[in-house]
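These are the residues of each chain, in order.
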Amino acid sequence: ISKAINRQAIVERTMEGAAVATGQLMPEGMSGYVPGMKPEPFDPEGAKKLLAEAGYPDGFALTLHGPNDRYVNDDQICQAIAQMLSRIGIQTRVETLPSAVYFSRANKLEFSFMLVGWAADTAEASSPLKAQLATFDVKKGMGTANRGRYSNPEFDNLLDKAMVTMDQGQRDKLVMQATRMAMDDVPVIMLHLQKNIWAMREGLKYEARVDEESHAMDMKEVK
C-alpha cells in the first residue's frame, strides 16, 4: 500500500504545494527528526509484486475512512489514495464523515484503514510515538490514538527510556531509534507534512506559530 501511493503527486496536485512528502513523524529541525529517512518511493510494480508474494495476486477490496472537515483537503486526499490503490488491484471505496462523527467511530475501532493526522504540540517526536504507536494501555496512558493496535515491546522499551531521559542529546538518540524501528514495521503509512498558511491584509505582519494557533496579540502593524 505504501509503495502504491504517489506522495509527490498528492503534494503537488491535491495539496497544491502546501505540504512536504515525508516518511517519518517530524519535520526537519525538530527533535526526533531522523536524518536521511526518506518517504517510500512510488513503486506500483513493486507494490503488485508484494501483493502477489503475500497471496493476493488479484488484489482485494477495502474501505478507506476519513474526515471531511478536519485536515486541509482531507476528502480529496482519500479520493486520490483510493485511485492509486485501485490501480494496483486494491479496490478501494472511500467513506468520509464530519470529524465529530468520524473520530467517535474511529475510537471505537470501527475502521480498518483510515486517514488521520497528528500535531506534535511538544515539538518533538515522543508525542506521536506515545499516542499513536505505543502499545495501547489505558492505565499508563499509552497508545491513546493507536487505533490499529500496533504493539512492539522493543519499541515500547526504547520509548519508555527516552521519556525518562533528561539529557537532550541521549533522549534524541533514543527517540530517533524508536522512530526508525516503528517506521520499519509500517504500522502507519506516512504521507506528508501539512503546511500552515496565514493570510492578512497589507500593513500587518504575523509570525507563524508551530502549534498552529493564532493569537491576536501577536499581530504586528507594519509602518
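Within every chain, residues take consecutive numbers counted from 1 along the sequence as written. Only residues with pLDDT of at least 70 are given local features in this predicted model, and only at 80 or more are side-chain atom pairs given and counted; all residues enter the totals for whole chains, interfaces and linings. For side-chain calculations, the full set of non-hydrogen atoms in the structure is used, while hydrogens and water are omitted.

(A) Structural detail: the packing of aromatic side chains. Pairs were defined over the aromatic rings of Phe, Tyr and Trp, the Trp ring being its six-membered one, requiring ring centres within 6.5 Å. Orientation was assigned from the angle between planes: stacked under 30 degrees, edge-to-face over 60, tilted for the rest. Throughout the structure, instances matching the rule amount to five aromatic pairs. Between tyrosine 56 and phenylalanine 60 the ring centres are 5.3 Å apart and the planes differ by 65 degrees, which places this aromatic pair in the edge-to-face class. Judged by its relative accessible area of 29%, phenylalanine 60 is partly exposed. Each ring, one from tyrosine 102 and one from phenylalanine 111, has its centre 5.4 Å from the other, and the planes form 15 degrees; the classification is stacked. Only protein chains enter the accessibility calculation, which uses a 1.4 Å probe. A residue is then buried if its area is under 20% of the maximum for its type, exposed if over 50%, and partly exposed in between.

(B) Structural detail: helix H7 (residues 168-185). Only DSSP runs of H or I with at least four residues qualify as helices, and only runs of E with at least two residues qualify as strands; both kinds are numbered from the N terminus onward. In this scheme, a helix's expected span is set at 1.5 Å multiplied by one less than its residue total. With 18 residues, H7 extends 26 Å between its outermost C-alpha atoms, agreeing within 8% with the 26 Å of an ideal straight helix rising 1.5 Å per residue. Of all the positions in H7, only Arg171, Asp172, Leu174, Val175, Met176, Ala178, Thr179, Met181, Ala182 and Met183 are classed as buried. The inward-facing, buried residues of H7 abut helix H5 (126-133) and helix H6 (153-163). Polar contact is the term for a pair of N or O atoms within 3.5 Å; when the atoms are in protein, one must be able to donate a hydrogen and the other to accept it, and sequence-neighboring residues count only if both atoms are side-chain atoms. At the N-terminal end of H7, a side-chain oxygen is found 3.2 Å from the backbone nitrogen of glycine 169, two or three residues along, and the residue is aspartate 167. Backbone geometry just downstream of H7 places valine 186 in the positive-phi region, at approximately 55 degrees. Whether two residues touch is decided by their heavy atoms; if any such pair falls within 4.5 Å, the residues are in contact.

(C) Focus on the layout of surface pockets. Using a grid of 1 Å spacing that covers the protein atoms alone, one calls a set of points a cavity when a 1.4 Å probe fits there but cannot get out, and a pocket when the set is open and has protein on both sides within 12 Å along at least five of seven lines; lining residues are those with an atom within 4 Å of a point. Grid points are joined across faces, edges and corners, and a volume is the space filled by probe spheres set on the points. In this structure, the largest pocket occupies an estimated 1600 Å³ of space. In terms of lining residues, the largest pocket is bounded by 49 residues, among which Val116, Gly117, Trp118, Gln132 and Met190 are the most central. Residue assignment for the lining of the largest pocket shows that the elements contributing at least two residues are helix H3 (74-86), H5 and strand E4 (192-194). Partitioning the lining of the largest pocket into residue classes produces 33 nonpolar, nine polar and seven charged. By volume, the second largest pocket amounts to about 400 Å³. The wall of the second largest pocket is formed by 22 residues, among which Ser2, Arg7, Glu40, Met183 and Val186 lie closest to the centre. Of the residues assigned to the lining of the second largest pocket, the class counts are 15 nonpolar, two polar and five charged. Lys, Arg, Asp and Glu make up the charged group, whereas Ala, Val, Leu, Ile, Met, Phe, Trp, Tyr, Cys and Pro make up the nonpolar group; the residues left over, Gly among them, are polar.

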